[in-house]
Amino acid sequence: MTTLDSVPAAPRVGDHLGRYTVERVEPLPEMQGTLVLLRHELGARHAHVIRADDNAAFGVTFPTVPQDSTGVAHILEHVVLMGSQRFPVPDPFFSMLPRSLNTFMNAMTASDWTTYPFSTRNEKDFFNLLAVYLDATFFPLMRYESFRQDGHRFEFATPDDPTTPLKLQGVVYNEMKGAMASPGSVMWRAFGKALYPDLTYANNSGGAPEEIPNLTYEGLRAFHAAHYHPSNAFFYTYGQLPLARILDAIENHVMAQFTPQTLDVSIPDQPAFDAPRHESAVYPGTDVERGAQVLVGWKLGHSSDPDLNLRWSVLSDVLLGNPAAPLTRPLIESGLGSALADGSGYRDSFREGAFAAGLKGLPAGKAAQVETLVLRTLEEIAAQGIEPELIESSLHQFEIAQKEVSNSGYPYALGVMFRLLGPWMQGGDPVTGLRLDAQLERLRADLAQGTVFEPMLEGLLANPHRVTLEVAPDPASAERAEADEAALVERLSADFTDEDRARIVADSLRLKELQGQEADRSVLPTLGLEDIPTAAPAVTYHTEQPGRARVARAAQPTGGLTYLDVQLRLPALPDDLLDALPLYTFAVTRSGVAGQDYVSLARRIEAVTGGVSAAVGVGTPPDDLNAVRLAVTFSGKALARNAPALVGVLRDLIAAPDFTRDRLEQLLKQRLAGLKASVVQAGNAYAERLAAAQLNATGAVQERFSGLTALATLKATVEGEGGLDDLLERFGRLRDLIRTAEPLLALTATPDDLNLDLTPLTDLFSGDAPVGRPAPTLPTRAPQARTTDVPVSYNAVAFPTVPYTHPDSPALLVLSRVLRSEYLLPELREKGGAYGGAASFDPREGVFAMSSYRDPHVARTFQVFKDARTFLNGDLGERELTEAILSASKILDPLTSPDTAGRRRIYGDHAGYTQDLEQTYKARLLAVTLDDLRRVMDTYLTPERATYGVVTGRDPNSDDLAALGLTFDVQAI
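Note on numbering: residues in each chain are counted from 1, in written sequence order. Note on the predicted model: pLDDT of at least 70 is required for a residue's local features to be given, and 80 or more for side-chain atom pairs to be given and counted; whole-chain, interface and lining totals, by contrast, use all residues. With hydrogens and water stripped out, all remaining heavy atoms of the structure feed into the side-chain values.

1. Section: the nonpolar core
In a soluble, globular protein the nonpolar side chains are often hidden away together inside.
Line of reasoning, step 1. With 96 residues, the main nonpolar core has Phe-58, Tyr-116, Phe-126, Leu-130, Phe-138, Phe-235 and Ile-250 as its most contacted residues.
Line of reasoning, step 2. Secondary structure counts use DSSP, requiring at least four H or I residues in a row for a helix and at least two E residues in a row for a strand, with both numbered from the N terminus. Ranked by residues supplied to this core, first place goes to helix α3 (residues 123–138) with ten residues.
Line of reasoning, step 3. We call two residues contacting when some pair of their heavy atoms lies within 4.5 Å. Those residues within four positions of Phe-58 in sequence are excluded, and the remaining contacts are Tyr-116, Pro-117, Phe-118, Phe-126, Leu-130, Tyr-133, Leu-134, Phe-235, Tyr-236, Thr-237, Ile-250 and Leu-414.
Line of reasoning, step 4. With 75 residues, the next largest nonpolar core counts Ile-605, Val-680, Leu-724 and Val-790 among its residues. For the purposes of this section, nonpolar cores are sets of buried Ala, Val, Leu, Ile, Met, Phe, Trp, Tyr and Cys residues that join through side-chain atoms within 4.5 Å. Relative accessibility thresholds used throughout: buried, under 20% of the residue-type maximum; exposed, over 50%; partly exposed, between the two (1.4 Å probe, protein chains only).

2. Brief notes about the pattern of salt bridges
Line of reasoning, step 1. Salt bridge, as used here, is a side-chain nitrogen of Lys or Arg placed within 4 Å of a carboxyl oxygen of Asp or Glu. Per the stated rule, a full pass over the model turns up 58 salt bridges.
Line of reasoning, step 2. Residue Asp-307 is joined to Arg-442 by a salt bridge in which the shortest nitrogen-to-oxygen separation is 2.9 Å. Highlighted residues: Asp-307 in helix α9 (residues 306–320) and Arg-442 in helix α15 (residues 437–449), separated in sequence by 135 residues.
Line of reasoning, step 3. Arg-903 is paired through a salt bridge with Asp-565; the nearest N and O atoms lie 3.0 Å apart. Here the residue Arg-903 occupies a position in helix α33 (residues 898–910), and Asp-565 occupies one in strand β20 (residues 561–569), the gap between them amounting to 338 residues.
Line of reasoning, step 4. The exposure class of Arg-903 is partly exposed, given its relative accessible area of 25%.

3. Brief notes about a negative patch on the surface
Line of reasoning, step 1. Only residues whose relative accessible area exceeds 30% and that form no salt bridge are eligible for patches; like-charged ones are grouped when within 9 Å, while nonpolar side chains (Val, Leu, Ile, Met, Phe, Trp, Tyr) are grouped when within 5 Å. Only the protein chains shown count as covering a residue, and every accessible area follows the Shrake-Rupley method with a 1.4 Å probe. We score Asp and Glu as negative and Lys and Arg as positive, and we do not count His or the chain ends. Charge placement uses NZ in Lys and CZ in Arg. For Asp and Glu, CG and CD serve respectively. On the surface, Asp-68, Glu-210, Glu-211 and Asp-484 cluster together to form a negatively charged patch.
Line of reasoning, step 2. Classification of Asp-484 by relative accessible area gives partly exposed; the value is 46%.

4. Topic: the packing of aromatic side chains
Line of reasoning, step 1. A pair of Phe, Tyr and Trp rings is counted when the ring centres sit within 6.5 Å of each other, with Trp represented by its six-membered ring. The angle between the planes then sorts it: under 30 degrees is stacked, over 60 is edge-to-face, the rest tilted. Applying the stated criterion across every chain yields a total of 39 aromatic pairs.
Line of reasoning, step 2. A centroid spacing of 6.3 Å and a plane angle of 35° characterise the contact between Phe-841 and Phe-848, whose relative ring orientation is tilted.
Line of reasoning, step 3. Assessed through its relative accessible area of 0%, Phe-848 is described here as buried.
Line of reasoning, step 4. Ring pairs connect the aromatic residues Phe-58, Phe-62, Tyr-116, Phe-118, Phe-126, Phe-127, Tyr-133, Phe-138, Phe-139, Tyr-228, Phe-235 and Phe-258, which therefore count as one cluster.
Line of reasoning, step 5. Lysine NZ or arginine CZ positioned within 6 Å of the ring centre and within 35 degrees of the ring normal marks a charge as sitting over the ring. Its guanidinium or amino end placed over the ring of Phe-127, Arg-245 lies 3.7 Å from that ring's centre, counting from NZ or CZ.
Line of reasoning, step 6. Its guanidinium or amino end placed over the ring of Tyr-686, Arg-689 lies 5.2 Å from that ring's centre, counting from NZ or CZ.

5. Examining the packing of helix α20 (residues 580–588) against helix α27 (residues 723–738)
Line of reasoning, step 1. Between N-to-C directions, angles cover 0 to 180 degrees, with each direction set by a line fitted to C-alpha atoms, over the stretch in contact for helices. Contact geometry for α20 and α27: axes closest at 10 Å, N-to-C directions at 80°. On the basis of the axis angle, α20 is roughly perpendicular to α27. Facing α20, whose interface residues are Ala-580, Leu-581, Leu-583, Tyr-584 and Ala-587, α27 presents Leu-727, Arg-730, Phe-731, Leu-734, Arg-735 and Ile-738.
Line of reasoning, step 2. Counted by class, the contact of α20 with α27 contains nine nonpolar, no polar and two charged residues. Each angle gets one of four labels, with under 35 degrees taken as roughly parallel, over 145 as roughly antiparallel, 65 to 115 as roughly perpendicular, and the rest as oblique. When residue character is reported, Ala, Val, Leu, Ile, Met, Phe, Trp, Tyr, Cys and Pro are called nonpolar, Asp, Glu, Lys and Arg charged, and the others, Gly included, polar.

6. Observations concerning the UniProt feature "domain: Peptidase M16C associated" (unreviewed entry) in the protein chain
Line of reasoning, step 1. Taken from the UniProt record, the annotation "domain: Peptidase M16C associated" (unreviewed entry) applies to residues 471–717.
Line of reasoning, step 2. As annotated, residues 471–717 has a helix share of 50% and a strand share of 19%, and its two end C-alpha atoms lie 26 Å apart. UniProt positions are given in the numbering used here, feature names are shortened, and annotations may be inferred rather than shown by experiment.

7. Some details on the side chain of Asn-102
Line of reasoning, step 1. Following the sequence through the fold, Asn-102 ends up in strand β6 (residues 102–105).
Line of reasoning, step 2. Contact partners of Asn-102, with chain neighbours within four places excluded, come to Leu-97, Ser-119, Thr-120, Asp-125, Leu-129 and Lys-890.

As structure tokens, then:
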């Protein structure tokens, strides 16, 4: 890894760096950085954050304003990454994934912008990726075949037989068919259309499946010419690499090839409504009893106004930010629905912001009742006033957010980019997205003078630009969509001649030929094995053991925050408590404690912490996949001044949780709604769990904790007789059992804050009960399919392998990366039209899996899985092996930050995954050969060891599957 010894000095305002002029230099004290804003002679804007962070980042963002729902911006995002002038291979983006040590690579399309970001800790890698990204976005080849592959195309069911049925295909087309089966996606698209009917937000920037076939190749190219120009570009860089070198690279690769151009991609204001409106939309679904949502939303002022943006953000948090919030609580306790509607809260992603609130988990036809409830509750809040304590608690959360530097879940470097992009692209001040001190100071001054938020609510209620939107399931929608697609194909092909059909066959065969050609990837930059860090990350911590509890303390530069984790390894657990455990951890932080009801606890958590959580984990030691261990972990963070209060909250959650029947019923209905929605978004993960559950105890437990079995168990509890009372009794037993667990506390803080008194927690635990080893009954070994309301499929196959310490484990990890990049992505995505195809191997769980995502096929995909071994006999060489090892090494060396580094090392060491063991694993990884890959596949990935899972829209059994020896046990979700 390449890093610099010191952070470069910032340039001065007025300095010229080539054809760039420095327009502003602003300190960012909360993140210990400096923002430099520059403008190029061509009009390009560039924001550079100088900060002592070895994870360097880049992004180029273009305002994109589609005028229809053909998905032109989204399809263009795909096509530009499919070959460029300097890198004319078919898939430079996917080819670079394994040639890089990136910590993030992606591209994404929003309603009014498209962005191309990456981050990496390696300097050479940064400039490699920069070259590829710049050439892709500004000089794409935009081949016709790329448009047909990822956009849309006609194709016969048998591509070379024009007598077989004609179908629509395309990666984005299939992706959006799956996306628009999600009620959350339908709600978001419908909300933009309802509130801003005259603007680009009324269009589906991702592409409405019924409109995508209207996009022409010429229209795609014209959209690129109108939007992807330096004059319309917002560049972003971050880290400690020299700014001048970065700008020189951009100048040489891009700017020198362009002349100034005037582009108008501005978005006007939406004309105000004279009166509130009511709109509705449907999605394919059968849950007519609880599948509807109602959202009441208003258009607000410009989201680029920093004071307005902050105040609506704070007010939204006050009203909806926790279960006790004054708008959330009445909505949920009304019993009308089970959870807040998708889209609830303040949204600054539109040019003019929006505020909305509503409910989901409803039967259809409840729009008027929800609207009345929302309006009446807001009227009462405005009349009665907002408690100052609630406002102060919300401001406390903003203070934490300003101070926290975390890579947990997402690189901090790119989080900074998205914070400044909002105001920057709307003509506002990008500094206001990163530094709230001036806005907070003005807000506090206004609060000291009188009320602030109550007049805002009064103005909201008087605002006629309001929409009440109902999104409801339509059981006939899926069938109607199929009929509509067939009718669309029939209409578009009605005048086809024999020559037209022959052309479709020729185009299909041409595309297949191109997909089968071996690309010369040597034109792409790459890293080598010598660039892989060989040392596992070291973190210094010290431990103590006051009684049964062990305490580990790690000093980290946390910026004044304290992080505390209490991991409790559970003793032997009766089987009837196993299914209750994930429900317990979901409910415990959302219920009451120690004489406080859930409202009081929620306010207490908001006032003194940055959030607390509870989670259940499943693990095994590095040398034994059968020695399953369960642990419940309570976690929280707080400003250092509030750390003792955090200890008190965690103590009460562990020692004195208080569950009530009414509150538990609310929570379980919320949980059920969330799990149901997640199936459409993450069907591949559910399919993998279905398959892995049949392999070993870890897989079986994971399926009962977070798979479709967990969903079925929760549904039975919510809807069955006596389920809640039985669960409350089991919660009582779990509470007592948790107090007998083996505790390990991990404290991460600055050196000055590391001596926090933890005895209120450590004193809770006594006894010597050994850590238990659950041995759940494995499901019957048979291919499993679950059907739900989706127009696509999610397919998976899984195999049992070896534990972490086994010499073959690194080869299996490398094999997963080879199959993913060299075989499954081309076969399933490029040729098969699925949105994604993957192979995965978790060295700690010992399960190898292959899966597909938003896939139009079932039988074809399982044939692809079966043929993976034949692929390994093909022309694989050192390039493929090196790239797979590079890709695998990223999994072993994840991006950490002060909040996660200590925790990861402490709990890894305690579980047996020590630094020495990790370094041994990496050394074995670097020594893997192609022969090793073929050997481990022949040993572990054989048909008789395989288990299968499918999540799909209909019974997948067919003659084609039977020919593969597969007959699925089919159950409806």
